[in-house]
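Understanding the architecture of this molecule
In case you want the letters, here they are:
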Amino acid sequence: MQNLSRKEIEEIFSLARKLKRQQKRGIAHRLLAGKTLALVFEKPSLRTRVSFDVGMAQLGGHAVFLGPAEIHLGVRESAADCARTLSRWADLIVVRTFSQRTLEEVADAATVPVINGLTDMFHPCQVLADCFTLLEHKKGLEKLRIAFVGDGNNMVHSWMEAAEKFSFSFSLACPRGYEPNPDIARAARRNGGRVVITHSVEQAVRSADVIYTDVWTSMGQEGENESRRRAFQGYQVNENVVAMADKDAVVMHCLPAHRGEEISHETLEGPHSIVFDQAENRLHVQKAIMVWLLKGFKGSRVQGFKG
């Protein structure tokens, strides 16, 4: 997200609204006809894979999925060689991997745009879709109080970067030892982000407009599952936690959810939840990102597209 200005993010959101409206009306918008997307995935995926694949199809293009069996970055061949080769065939590359460094090696070597589909450090496409969802439900971002309850993980890092862009208040409640990367937190504050890190759920959530959570054990951390379950007791988002927030607060989760762990079933399915709105908006925002990257954005219009 550091590579985008606030103005550019707002342009992407504007385009996403138009694309979503066209999709809902059944109006074709084949803005990327003849274009190809390479999906390079080293981690399992439902939302990221399907939303990019379906999105490219709706835009008139074609997606090629390359999982660990087809391509093992840095093992079967170097990430740089893979990027240089794919750049000769594909117009866009999405990388979903463990190491941030692997993503950066692909981006450095590629001659086409590279999109971060998730690393252990950041998950920008998810947070962009989440911000877009909040604009639909809350009509603005700047005055929001967003509380994240759980691990200081890649989602938190991307939320802190978003706080730099939109100046909302972001508070994290996490157990001791599970704080986010201190360099990312310092950078966010230095760049104007209103970021608070606490070990108190009540302090983070009190009067919040948004309550966000994620799994306690992320991909690649399965060996820590039991120790994390013990550490995160008391950090479940449930009806008691929701009652601490503003009466009109919304509950968000990037999915997949472990019901009964980081979030109760009743809360995930309750009236405050907008979890599946988030999931849907991955499609519309990522379509906008791809069009914005390949077509160029002029004001609120993409060449050849009328909203």
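Residues numbered from 1 in each chain as written. Predicted model: local features only at pLDDT ≥ 70, side-chain atom pairs only at ≥ 80, totals over all residues. Heavy atoms only, no water.

So, helix α3 (residues 79-89)
Note the following rule: With a 1.4 Å probe rolled over the protein chains alone, any residue whose accessible area is under 20% of its type maximum counts as buried; one over 50% counts as exposed, and the rest are partly exposed. Numbering of helices and strands runs from the N terminus; a helix is a DSSP stretch of H or I covering at least four residues, while a strand is a stretch of E covering at least two. When we speak of the arc, we mean the arc of directions from the helix axis to the C-beta atoms. By definition in these notes, contact holds between two residues if any of their heavy atoms fall within 4.5 Å.
Regarding α3, the residues found buried are Ala79, Cys82, Ala83, Leu86 and Ser87. Mapping the buried residues of α3 onto a view down its axis gives an arc of 130°, with all of them on the same face. Exposed side chains of α3 directed beyond 90 degrees from the buried face belong to Arg84 and Arg88. Buried residues belonging to α3 abut β1 (36-41), β2 (62-66), β3 (92-96) and α4 (100-109).

Points about the sheet that holds β2
Filter applied, for reference: Pairs of strands are assigned from DSSP output, requiring at least two bridges between the strands. Note on method: axes are straight lines fitted to C-alpha atoms, helices fitted across the in-contact stretch only, with angles between N-to-C directions ranging 0 to 180 degrees.
The four strands are arranged β2-β1-β3-β4 in an open sheet whose pairing can be described as parallel. Both outer strands of the open sheet, β2 and β4 (114-118), are each paired with one neighbouring strand and no more. Taken pair by pair, the neighbouring strands of this sheet meet at an average axis angle of 20°, ignoring direction.

Thoughts on the confidence of the model for the protein chain
Inclusion rule: pLDDT is a residue-level measure of predictor confidence that goes from 0 to 100.
For the protein chain, the mean per-residue pLDDT works out to 94, and 96% of the residues sit at or above 70. Throughout residues 297-304 the model reports pLDDT below 50, and contacts reaching past four residues in sequence, or to other chains, amount to 16 contacts.

Brief notes about the packing of helix α5 (residues 124-138) against helix α6 (residues 154-166)
Which entries qualify depends on this criterion: When an angle is under 35 degrees it counts as roughly parallel; over 145 it counts as roughly antiparallel; between 65 and 115 it counts as roughly perpendicular; any other value is oblique. Note on convention: near helix rotated counterclockwise from far helix by under a right angle means a left-handed crossing. Clockwise means right-handed. Classification convention: Asp, Glu, Lys, Arg as charged; Ala, Val, Leu, Ile, Met, Phe, Trp, Tyr, Cys, Pro as nonpolar; all other residues, Gly among them, as polar.
Contact pair α5 / α6: the axes reach a minimum separation of 9 Å and the direction vectors enclose 55°. Judged by the angle between their axes, α5 and α6 are oblique. Where α5 crosses over α6, the two elements pack in a sense that is right-handed. Together, Pro124, Gln126, Val127, Asp130, Cys131 and Leu134 of α5 and Met155, Ser158, Trp159 and Ala162 of α6 make up the contact between the two elements. Broken down by class, the residue content of the contact of α5 with α6 amounts to seven nonpolar, two polar and one charged.

Examining the sheet that holds strand β8 (residues 210-213)
Each strand in a sheet pairs with its neighbour through backbone hydrogen bonds, running either in the same direction (parallel) or in the opposite one (antiparallel). One open sheet accounts for five strands, arranged β7-β6-β5-β8-β9; its pairing is parallel. Unpaired on one side and paired on the other, β7 (194-198) and β9 (250-253) mark the two borders of the sheet. Between one strand axis and the next, the sheet turns by 20° as a mean value, whatever way the strands run. Strands in contact with α5 are β5 (145-149), β8 and β9; relative to β9, the strand with the most contacts, it is inclined by about 160°. Helix α12 (residues 275-295) rests against β8 and β9 of the sheet, and its axis sits at about 50° to β9.

A closer look at the pattern of salt bridges
For clarity, the cut-off: Just to be clear on terms, a salt bridge is a Lys or Arg side-chain nitrogen sitting within 4 Å of an Asp or Glu carboxyl oxygen.
Counted according to the given criterion, the structure contains 17 salt bridges. For Glu136, the salt bridge is made with Lys20, and the minimal N-O distance between the two is 2.8 Å. Placement of the pair is Glu136 in helix α5 and Lys20 in helix α1 (residues 6-25), with a sequence separation of 116 residues. Look at Glu136 and you get partly exposed, because its relative accessible area is 29%. Residues Arg101 and Glu105 are paired through a salt bridge, measuring 3.6 Å at the closest nitrogen-oxygen approach. Residue Arg101 and its partner Glu105 are located together in helix α4, separated by four residues, close to a single helical turn.

Considerations on the nonpolar core
Short version of the rule: Nonpolar core, defined: a set of buried Ala, Val, Leu, Ile, Met, Phe, Trp, Tyr and Cys residues in which side-chain atoms within 4.5 Å join the residues together.
Counting residues in hydrophobic clusters, the biggest one holds 60 residues, and the most contacted among them are Leu37, Leu134, Trp159, Phe168, Phe170 and Met290. Residue contributions to this core peak at eight residues, all from α5. Each residue touching Trp159, except ones within four places of it in the same chain, is listed here: Val127, Asp130, Cys131, Leu134, Ile146, Phe148, Phe168, Phe170 and Tyr212. One finds Tyr178, Val205, Ala208 and Val237 within the second-largest nonpolar core, a separate group that totals 22 residues.

Digging into the side chain of His284
Position of His284 among the secondary structure elements: in helix α12. Discounting residues that sit within four places of it in the chain, His284 has contacts with Ala16, Leu19, Lys20 and Gln23.

Focus: a nonpolar patch on the surface
What counts here: Exposure above 30% relative accessible area and the absence of a salt bridge qualify a residue for a patch, where like charges join within 9 Å and nonpolar side chains (Val, Leu, Ile, Met, Phe, Trp, Tyr) within 5 Å. Computed with a 1.4 Å probe, the accessible areas rest on the Shrake-Rupley method; for each residue, only the protein chains presented here act as cover.
A surface patch of nonpolar side chains, amounting to about 240 Å² of accessible area, comprises Leu46, Val50 and Val54. With respect to the secondary-structure elements, Leu46 resides in the loop between β1 and α2 (47-58). A relative accessible area of 52% means that Leu46 is categorised as exposed.

A word on the environment of Ala204
Among the secondary structure elements, Ala204 is positioned in helix α8 (residues 201-205). As a C-alpha pair, Ala204 and Asp81 span 123 residues in sequence and 45 Å in three-dimensional space. Once you skip the residues sitting within four places of it in the chain, Ala204 turns out to touch Ala147, Ser171, Leu172, Ala173 and Thr198.

Things to note about the side chain of Ser273
Operational definition: Here a polar contact means two N or O atoms within 3.5 Å. Within protein one must be a hydrogen donor candidate and the other an acceptor candidate, and residues neighboring in sequence count only if both atoms are side-chain atoms.
Residue position: Ser273 is located in the loop between α11 (265-268) and α12. Exposure remark for Ser273: the relative accessible area of 18% places this residue in the buried category. From its side chain, Ser273 meets the backbone nitrogen of Val275 in a polar contact 3.4 Å long.

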